[in-house]
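Fold and contact review
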Amino acid sequence: MQEKNISANNFEQCQKCSLCETVCPVMANNPDYGGPKRSGPDGERYRLKNGIFFDDSLKYCLNCKRCEVACPSGVRIADLIQQARIDFNKKSPKLRDMMLASTDQMGPLASTFAPIVNFSLGLGPVKSVLDATIGIDRHRTMPKYASKTFVHWFKKNAAAAQDGFKKHISYFHGCYANYNYPQLAKDFVAVMNAFGYGVHLMDGERCCGVAKIANGMIPAATRDAKINMGAFRKSIAEGRDIVTVSTTCTMTLLEEYPELLKVDNDDVKNHVSLVEQFLYKAIASGEVKPVWKEGWKARAAYHCPCHQERLGLGIFTTELLKMIPGMELTELESNCCGIAGTYGFKKENYAVSQKIGKPLFDDIKAAAPEFVACECETCKWQIEMSTGVPVKNPVSILAEALDLEKTSELNRP
Amino acid sequence: MPVKNDFDVIIIGGGITGAGTARDCAMRGLKVLLIERHDIATGATGRNHGLLHSGARYAVKDSESAEECIRENKILRSIASNCVEDTGGLFITLPEDEDAGFGLDYQKTFIEACQKAGIDAKAISPSEAREMEPSVNPSLIGAVVVPDGSVDPFRLCSANVTDAAMHGAKVLVYTQFLDFIREGDTILGVKVLDTRTGQEAEYRAPVTVNAAGIWGHGVAEKAGVHIGMYPAKGALLVFGHRVNNVVINRCRKSADGDILVPGDSVTVIGTTSTKVPFEECDNMEVTPEEVSLLLREGCALCPALASTRILRAYAGVRPLVADDSDPTGRSISRGIVCLDHESRDGVKGLVSITGGKLMTYRLMAELATDAVCRKLGVNQVCTTAETPLPGSVDGRIETVSKRFEGKVSLGQKGAAGRQGDLVGKINFTTAEDKKLVCECENVTLAEIKYAVAELGVRTLEDLRRRTRVGMGTCQGTLCIRKAAKALAIALGDPSLEGKLAADYLDERWKGMRAVGWGDTLREMEFMQRVYKFQKPYSYDEI
């Protein structure tokens, strides 16, 4: 009989139980979207028969991957949808999509002119023009660009000290921390250093490519993926594992490279961790010891980003935050915030994006925390814009709550 | 007593042969009655590969069949574009075929025989074959390209019946033949039973055509004539999706399980060939041995089958006929057998048309209709080879789906693929009608309503044969209550819903049981759970 019946065509395992449809945030809010089952496994069956069955509505999938988390049969539903968009959507990406997607090319440009760019992107008339011309929704606040990138700062102020540590890691900072929010990366360096780890940048780190994949720029994304994997391998060979801060970058590096870009990462996977996972394990095992600031107190609500859930790593963040003595943590219901990276910036998705996020926004308002703890940068923009409650990355919370000096003394070998 | 003839000709059997004969007779101006005890295409017509033979399979051994096939192949491509898909076909040679005496020397013989029969056969290199069909066994040592294709037998049969009806034929399904009305040596008509109402009736015509496939044996016995039929069971397996897009055959002496056909949204491997007793023809079960054999042979054509989900197994019975000239009955012809029982047996007013294949149904119908016309003294030429079937005037999905205004939904594309250019008759106006009932096969409520109203649907199996409802991965688990509700309402008795659904699922279950392991077993478990606990469906939930 059939010796192994796990098909390479993973969609075959779909039992049509439709659980995925119950968790899809888009399906509940956009009647034009057929939902994960129909767009994924069902659609794939018909697309194999005839490409005419590729449906344009697949563009509404925001790739939150909640369907994959829910699927009891392990079907990679969101990947099927992304793959179909790659294979069948022959329209070349719009200028807007290219601009939104090319975080690594727009970044250096915008950083150089940061004051002008930030000022103009914040102006009402400019927003209206962007809305009318290239379709970036006027309600959106574009992420601010920093005038000095993190890499620039690091090389000038921190790099030299790193060799003095006993233990070393490589840091995949991603575009956001580099161009838009260097403070996050600086917090990361401070925390890792306090725990006795030297932080190193990798030669030629590229954008993880998530936005390029979402916007159909596959050759560019594949090129970057290969360069990144080369850099990772070099770092691993030199004895440094890789620590990341961005959830979505991490998911892309670990999951999307082999599945969608066909860039192999089998030998690399076990050497990459998200910072919360890395630190939780190090503290729990006694490898490192934290010293918390006397009297530090905060009331926070934790929102687990969709991709963190897909990776199954949210638990590390909550457990890590609960270690902080003064932390009063509410865990919010699992809901998508609706922005999904560049998705929510597009004019055609704005209304749906806000509808999707509403249950989360309501929960946050009801919990009325001092701030929301969340690992994801785009969730941060969405939540701050929609609720007015500030969002802090767990790394920045640690940087605040730790007595960095004492921690650093305690962990000095 | 003067005989009142209701019809010119009565045709027994709503398979493809009967349907084709009804169409041909009606197009030649005859008053036709077609009777079928179940639904159309329920016998061997609906239980085969759906292969549009190029004839290559027969070229070496039986050049006459091969020539018939390629002629009909070309005709069907032009008159049945909505039912036919031009997939192309490969005949591959594997290393083990070489040892069995069917190596590349045989390939040469094969190509010559094909060309002699008028089949465009061309050898290509193994790497070209792998490029043409990536799922093909990569260890092949040779391949020949032939003009095989796939044909949807349900659609083809339905189109013939529809056209017959459009030309004035009366079609009675669920009407069982009981006996002949006979006077001396003349057949005057038939006694029938409406299997749904239990009412008996009589219909008369100067000629009756026995087109009942393997059951034609029993029909002939009622007239006191014997046809030496040989019921040959053929088992097949349906895989969950299209594994291949080109038909794959083995380039060797025909054997079991050596044809892999991509048909609509699935792939089918077959067949076996076993003689079965006549009593078993009504209830075919596929055995574990047959499943193993088909899988083993299938994997030789296409290794991916070893890990592909099997949706179900089914079997049909070929109506093979022993050669009249051979008293032992061992010499079987796969060719067409058209018997005028007046000259053969001295029974007037009866013609039997049998043997043959799905591929040559039109030719069979032409021969039968010629015989009918001769008997009636009608002098009309056959035009079925030139006249497109309904739905196939311009039946390609690519052109048909362009007819819709605005954004074309998946349900509309699905319907365009199935109903061809008749899709315009489907009313997609309301949002409700546009909703998918069967998500696996993209069947909308609108298409179901159309099939029920226009295509003579009585049960969900009937509906399945016309729309593919419930033929996908879940085998009806998620959609069949919705379809049952729609059908029950259309039939004017909403209380039928539960029974319609249960009958359908029983039939699906039968096909799944034979391959009940892995994902299929999980699906069966899921089906069971859903239906154990399901409350009556509320129409608002659709």
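Residues numbered from 1 in each chain as written. Chains lettered and ligands numbered in written order. Predicted model: local features only at pLDDT ≥ 70, side-chain atom pairs only at ≥ 80, totals over all residues.

Counting its regular elements, chain A contains 21 helices and eight strands. The principal-axis extent of the C-alpha atoms belonging to chain A is close to 65 × 65 × 40 Å. Taking all 413 residues of chain A together, the buried fraction comes to 52%. (Helix = DSSP H or I, 4+ residues; strand = E, 2+ residues; numbered from the N terminus. Buried ≥ 20, exposed ≤ 12 C-beta atoms within 10 Å, placed from the backbone.)

Looking only at helices and strands, chain B has 19 helices and 24 strands in total. Here chain B has a C-alpha radius of gyration of 23 Å; the compact-globule value for 542 residues is 24 Å, and the two agree. Dimensions of chain B, computed from the C-alpha atoms along their principal axes, are close to 75 × 60 × 45 Å. Counting over 542 residues, chain B shows a buried share of 59%. Of the contacts formed within chain B by residues at least 6 apart in sequence, a portion of 71% connects residues at least 24 apart. (Rg over C-alpha atoms; globule rule 2.2 N^0.38 Å. Contact = placed C-beta atoms within 7 Å.)

Now for unusual backbone geometry. In this structure, T271(B) follows G270(B) across a cis peptide bond, with omega equal to -15°. By secondary structure assignment, the location of T271(B) is in the loop between strand 17 (266-270) and strand 18 (274-275). Not every positive phi belongs to a glycine, and K65(A) is a case in point at roughly 70°. You can see K65(A) is positioned in the loop between helix 2 (36-49) and helix 3 (66-70).

This part takes up helix 15 (residues 275-284) of chain A. Residues and elements named next belong to chain A. Buried within helix 15 we find V275, E276, Q277, F278, L279 and Y280. Structurally, helix 15 contributes buried residues whose contacts are with helix 11 (182-194), strand 3 (241-244), strand 4 (272-274), helix 17 (314-322) and helix 20 (394-401). Of the residues trailing helix 15, G286 is marked for its positive phi of about 85°.

As a further point, take the sheet that holds strand 4 (residues 84-85) of chain B. Read across the open sheet, the three strands follow the order 3-8-4 (chain B); overall the sheet is antiparallel. The open sheet is flanked by strand 3 (51-52) and strand 4 of chain B, the only strands paired with a single partner. (Pairing = 2+ DSSP bridges.)

Accessible area lost during the coming together of the parts is what is often quoted as the interface size. Residues and elements named next belong to chain A. For chain A, the assigned domains are domain 1 (19-88) and domain 2 (298-401). The centre of domain 1, based on its C-alpha atoms, is set 25 Å off from the matching centre of domain 2. At the interface, 11 residues of domain 1 touch 11 residues of domain 2. By residue class, the composition of the side of domain 1 that touches domain 2 is five nonpolar, three polar and three charged. (Domains from an automatic or database assignment. Nonpolar A, V, L, I, M, F, W, Y, C, P; charged D, E, K, R; others polar.)

Taken residue by residue, the interface counts 29 residues in chain B and 27 residues in chain A. Contributing elements (two or more residues each) for the side of chain B that touches chain A: helix 9 (288-301), helix 12 (397-400), helix 13 (410-419) and helix 19 (518-533) of chain B. For the side of chain B that touches chain A, the leading source of residues is helix 19 of chain B, giving five residues. Per-class residue counts for the side of chain B that touches chain A are nine nonpolar, 11 polar and nine charged.

Turning to helix 17 of chain A, a few remarks are in order. An α-helical turn contains 3.6 residues, so any two residues separated by three or four positions project in the same direction. Residue and element names in this part refer to chain A. Taken together, the buried positions of helix 17 are G314, F316, T317, L320 and L321. Burial along helix 17 is one-sided: seen end-on, the buried residues are contained in an arc of 160°. Close packing links the buried residues of helix 17 with helix 15, strand 5 (298-302), helix 16 (306-311), strand 6 (327-331), strand 7 (371-373) and helix 20. (Arc of directions from axis to C-beta.)

Before going further, it helps to spend a moment on the sheet that holds strand 13 (residues 207-210) of chain B. Backbone hydrogen bonds are what pair the strands of a sheet, in a parallel or an antiparallel way. All names here are of chain B. Pairing is mixed across the open sheet formed by six strands, whose spatial order is 9-2-1-13-22-21. Only two strands of the sheet have a single neighbouring strand rather than two, namely strand 9 (170-172) and strand 21 (336-340). Direction aside, neighbouring strands of the sheet carry axes that sit 15° apart on average. Sheet contacts for helix 11 (residues 361-376): strand 1 (9-12), strand 13, strand 21 and strand 22 (350-355); angle to strand 21, the most-contacted strand, approximately 10°. (Axes fitted to C-alpha atoms, helices over the stretch in contact; angles between N-to-C directions.)

Residues and elements named next belong to chain B. Note that K222 resides in helix 8 (residues 216-222). The class for K222 is partly exposed, based on 18 C-beta atoms found within 10 Å. Along the primary structure K222 and L178 are separated by 44 residues, whereas in three dimensions their C-alpha atoms are 8.7 Å apart.

Geometry of a packed helix pair, given as the angle between the helix axes and the separation of the axes. Residues and elements named next belong to chain B. At a closest axis distance of 10 Å, the pairing of helix 15 (residues 445-454) and helix 16 (residues 460-467) adopts a crossing angle of 110°. Taken as axis vectors, helix 15 and helix 16 run roughly perpendicular relative to one another. For the pair helix 15 and helix 16, the sense of crossing is right-handed. On the side of helix 15, the interface is formed by E447, I448 and A451, while helix 16 contributes L463, R466 and T467. When grouped by side-chain class, the residues that make up the contact of helix 15 with helix 16 number three nonpolar, one polar and two charged. (Parallel < 35°, antiparallel > 145°, perpendicular 65-115°, else oblique. Left-handed = near helix turned anticlockwise from the far one by under 90°.)

For the rest of this paragraph, the subject is the nonpolar core. If you look at soluble globular proteins, the nonpolar side chains tend to sit buried side by side. Within the largest apolar cluster, 136 residues are counted, with the highest numbers of intra-cluster contacts made by V9(B), V32(B) and L90(B). Here this core takes nine residues from helix 11 of chain B, the largest share from any one element. Apart from the residues lying within four places of it in its own chain, the contact partners of V32(B) are F7(B), D8(B), V9(B), I11(B), A22(B), C25(B), A26(B), A164(B), A169(B) and K170(B). Counting residues in hydrophobic clusters, the runner-up holds 113 residues, among them V26(A), C61(A), V199(A) and L311(A). (Core = buried A, V, L, I, M, F, W, Y, C linked by C-beta atoms within 7 Å.)

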